[in-house]
Amino acid sequence: MSTVGGNMAAPITSEADGNIKENSMFLKKTLSAVPPLTLRIVAECPVTKARACDLTLPHSSVSTPVFMPVGTQGTLKGITADQLEGLGCQICLGNTYHLGMRPGPELIEKANGLHGFMNWRRNLLTDSGGFQMVSLVELSEVTEEGVKFKSPYDGKEILLSPEKSISIQNSLGSDIMMQLDDVVSSTVKGPRVEEAMHRSIRWLDRCIAANKHPDKQNLFAIIQGGLDAELRKACLDEMTKRDVPGFAIGGLSGGEEKDDFWRMVTLSTDHLPREKPRYLMGVGYALDLVVCVALGCDMFDCVFPTRTARFGSALVPWGSLQVKQKQYAKDFQPIDPDCQCPTCKRHSRAYLHALFKSDTAAMHHITIHNIAYQLTLMRSVRQSIVEGRFPEFILTFMKRMFPSPDQYPGWAVEALASVNVTLE
Amino acid sequence: MAGSRMKLELSKVVQGRCRLGQLKEIGRMGQHSLDIPGCLLYSHLGTVPHLTQDTLHTLSSLPTVTQVTLSNIAEHQEVLDEFKGGFKTFAGLHDTVLYCSLHDSAAHRPTGHTTNKTVSVWGSGGRIELTVAKFMALQRMVQPDWYQAMADGETWQTGTSRKRVRKSVDRSLAHLDECLLVHQKSQELDGVSVFGVVEGGDILEERLRSARETAKRPVAGFCLDGFQTGAMDQALRSQLIAAVTEELPEDKPRLLQGVGRPDEVLACVEAGVDLFEGFFPFQATERGCALCFRFDVTPDPESAVADEGRHAAGETQPNGDLNCDDQTHMTRFEMDLKDKRHQDDFRPLVEGCGCYCCRNHQRAYVHHLLVTNELLAGVLLMMHNTSHYHSFFRAVREALANDKMDLLRRRVLGTLTE
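Residues numbered from 1 in each chain as written. Chains lettered and ligands numbered in written order. Predicted model: local features only at pLDDT ≥ 70, side-chain atom pairs only at ≥ 80, totals over all residues. Heavy atoms only, no water.

- Chain B goes by Queuine tRNA-ribosyltransferase accessory subunit 2 in an unreviewed UniProt entry, where it is assigned to Poecilia latipinna.
- Check the Subunit (unreviewed entry) section of the UniProt entry for chain B; it says "Heterodimer of a catalytic subunit QTRT1 and an accessory subunit QTRT2." (UniProt positions renumbered as here; feature names shortened; annotations may be inferred.)

- Per an unreviewed UniProt entry, chain A carries the name Queuine tRNA-ribosyltransferase catalytic subunit 1 and comes from Poecilia latipinna.
- In its Catalytic activity (unreviewed entry) section, UniProt records this for chain A: "guanosine(34) in tRNA + queuine = queuosine(34) in tRNA + guanine".
- The Cofactor (unreviewed entry) field of the UniProt record for chain A holds the comment "Zn(2+)".

Below, the structure is given as structure tokens:
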């Protein structure tokens, strides 16, 4: 059995080796003057739990709340690095599982890390590969060692251990790395959830120990515990004892009920340290973003805006617009007349509708618009927090998004009420 | 003359046929010019394949003429009719001259549907039949700066009978006359140039007849049709084109349709062609290939040494088949980026190429994008291939100016060793 990339996950070899490694890492820690992550809280909403922060990372600073587009395989689906930078994106995601398979960590290291490989000079966040284990791959077995699975390319058995995941992420050189967690779908109930939560804590410790570049790469913990408040609280208590630069809230954004979802989010932010960033994984619908900012989250990622773009679905403040539908064939206004993105400044719904029949560039136009929409939304959210008018922003946002108050989703109304925002 | 003020200024003519110069005062406002020999900017519905305006404009010198085709546009007739503002505005195009052709030379074109009064184009929804009336209605809605007259060019299949070839010439002349009549009555087409289309298959007499007759009409220039790659070998093509251009007025441009391969381009320039369609970079892109043929002819001792090194390393092996008539197959002018040998090659696609892809990315990255089926592969390759191809045309003009065509041909074919 070979591990990802071909090397066996190494247990401690000899005490001498272990000591040398520890000493050099200690030296690195004391010698580096600038920590690889600093969070400066610029404003806190007096009504909700929202914050606006400046997050300084090795490659550039990031204004939060922030939405991070997902560039799974070292590319953002048809958009060049320049275009992404031009839209104001300061941090995006790469995927350890995919890149670990192709082209593999050794090649990317040779290319000066994922930054060098993609030629992206701002920040990168890589996830651990854990989620793909659950969502994509024929799962063989989860053991204390790691996750055993079959490679979809050559059928070989591979082990993704905490050490291996961190090793790949070290090679990728991302600014933020995620621990390998024992991922369990949010619809699973019973003892498996508790087992996964405890194991994630043990894997966190192994990930911390395995990080070769703590001076340059920030390792985030991922709070698990499913939809069980007690399990989640236990996980929070334990993980916050570890001195990691940031925390992610994981195990949500699956198929769970929104009523359970928001309660776990707010429970998590209640018990996470104020002065460290909170990353809510897999959340990207506009409504979810706004509500979860109110609940105290700073960072978000989701494939939805870029994936839906390729099907011709354009995101707008009042929902979405399916450009490929007949009704837009003769609609000569831009997707959103108020949007300043390159697509809306130049092209009409009608042209994009027609272009979908002729060329893939149609998808790129919508992708650019959707990323712009997400980034603009977060920028507006941040601005309203800084200016002390976030609750008003929420009200305006809801009015625009939903035709009438009786269409406001119940979970959102409750969640916002829990942080003192009353929707009509 | 059909509304045109297009002026051809020749600075040099070689052997009475091969021309260097500039096409001036093109566009309705007469504000653009195009160096010849040159190529047009190939597009799908006004969009250069895979590219948005941002990525398109990373290219430092774009051809001033963008080509659109009725095969893309015809199905949107109703929309354009309602829009009323012309295609350029509809598409949000940059400041460019718009040339409207009938067919897309890079798209498969089924045969057997042409009649005395109609030709057919294939849109995303299927076949659309065009009469001259409908053809001209489309032109009035598109409002191009210049278009080709409707023509019957279905003569490229082997074994096309003489009778069929003769019909294509007759029909095309009739279509041209009808187009011109409608053109003169159409206000929307005021100032717009019309090109007559020379047909005749592979039959010399028919080619000459078509050329002479078309030349009698008040057109701004000539399209040479039915010569596309695969229709005949280059020797015959050169022979026929040379004979045809003999019959055409010197002061009007000649646009060759369906030919894009660099070696064929060179031969056709020498036979008297001024303009080419720009679809070849797109075809290479769709194959996952990067154009890499050389076209430098200035003596450079350093590159000569580099050449020797590459010979030794086996790198100058032809990548594809020179005599391949199938436009979908890889040619010797490109490299297959999907090939494993590029997996850890951190050089740019082409050393010294100034395009966005070569300035910012490496072969290994493009290889990865192709292997993982990522959309960005097409974007980057299109940028590189377009840039490379247009630089080639610049090299053709320079070679003509400096009497280095022979050197250029050998360099392009990879047979130049010094």
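Still more ground to cover, so stick around.
What about the side chain of Q67(B)?
All names here are of chain B.
Step number 1: Following the sequence through the fold, Q67 ends up in strand β6 (residues 65-69).
Step number 2: Among the residues examined, Q67 registers a relative accessible area of 2% and is labelled buried.
Step number 3: Among the polar contacts listed, one links the side chain of Q67 to the side chain of E277, at a separation of 2.8 Å.
Step number 4: Once residues within four sequence positions are removed from consideration, Q67 is found in contact with L40, L41, Y42, S43, Y99, S101, H103 and E277. (Helix = DSSP H or I, 4+ residues; strand = E, 2+ residues; numbered from the N terminus. Buried < 20%, exposed > 50% of the residue type's maximum accessible area, 1.4 Å probe, protein only. Polar contact = N/O pair within 3.5 Å; in protein donor to acceptor, adjacent residues only side chain to side chain. Contact = heavy atoms within 4.5 Å.)

Description of the sheet that holds strand β14 (residues 275-276) of chain B
All names here are of chain B.
Step number 1: Spatially, the nine strands line up as an open sheet ordered β4-β14-β13-β12-β11-β10-β7-β6-β5, and their pairing is parallel. Single-partner strands in this sheet number two, and they are β4 (38-39) and β5 (41-42).
Step number 2: Where strand β10 (residues 146-148) meets strand β11 (residues 193-198), three bridges bridge the pair, whose relative direction is parallel. Each bridged residue has a counterpart across the sheet, and for Q148 the counterpart in β11 is F195. (Pairing = 2+ DSSP bridges.)

Section: the sheet that holds strand β2 (residues 18-26) of chain B
All names here are of chain B.
Step number 1: Reading across from one edge, β1-β2-β3 is the order of the three strands in this open sheet, with antiparallel pairing throughout. Both edges of this open sheet fall to β1 (7-14) and β3 (32-36), since each of them pairs with a single strand only. Each adjacent strand pair in this sheet contributes to an overall mean axis angle of 10°, direction not counted.
Step number 2: Bridging between β2 and β3 involves four bridges; their strand directions are antiparallel. Within the sheet, the bridge partner assigned to Q22 lies in β3 and is D35.
Step number 3: Across the sheet, helix α14 (residues 376-401) touches β1, β2 and β3, and the angle it forms with β2 is around 120°. (Axes fitted to C-alpha atoms, helices over the stretch in contact; angles between N-to-C directions.)

Re the interface of chain A and chain B
Step number 1: Facing the 41 residues of chain A at the interface are 43 residues of chain B.
Step number 2: Carbon and sulfur atoms make up 60% of the surface buried where chain A meets chain B, a total of about 3400 Å² over both sides.
Step number 3: On inspection of chain A and its partner chain B, the count reaches four salt bridges.
Step number 4: E82(B) is the salt-bridge partner of K330(A), the closest N and O atoms lying 3.7 Å from each other.
Step number 5: Where chain A meets chain B, there are 18 residue pairs in polar contact (both at pLDDT 80 or more).
Step number 6: Every element with two or more residues in the side of chain A that touches chain B is listed here: α2 (81-86), α4 (105-110), α5 (113-118), α13 (342-346), α14 (349-355) and α15 (361-386) of chain A.
Step number 7: In terms of residues, the side of chain A that touches chain B owes the most to one element, α15(A), which gives five residues. (Buried area = accessible area lost by both parts, 1.4 Å probe. Salt bridge = Lys/Arg side-chain N within 4 Å of Asp/Glu carboxyl O.)

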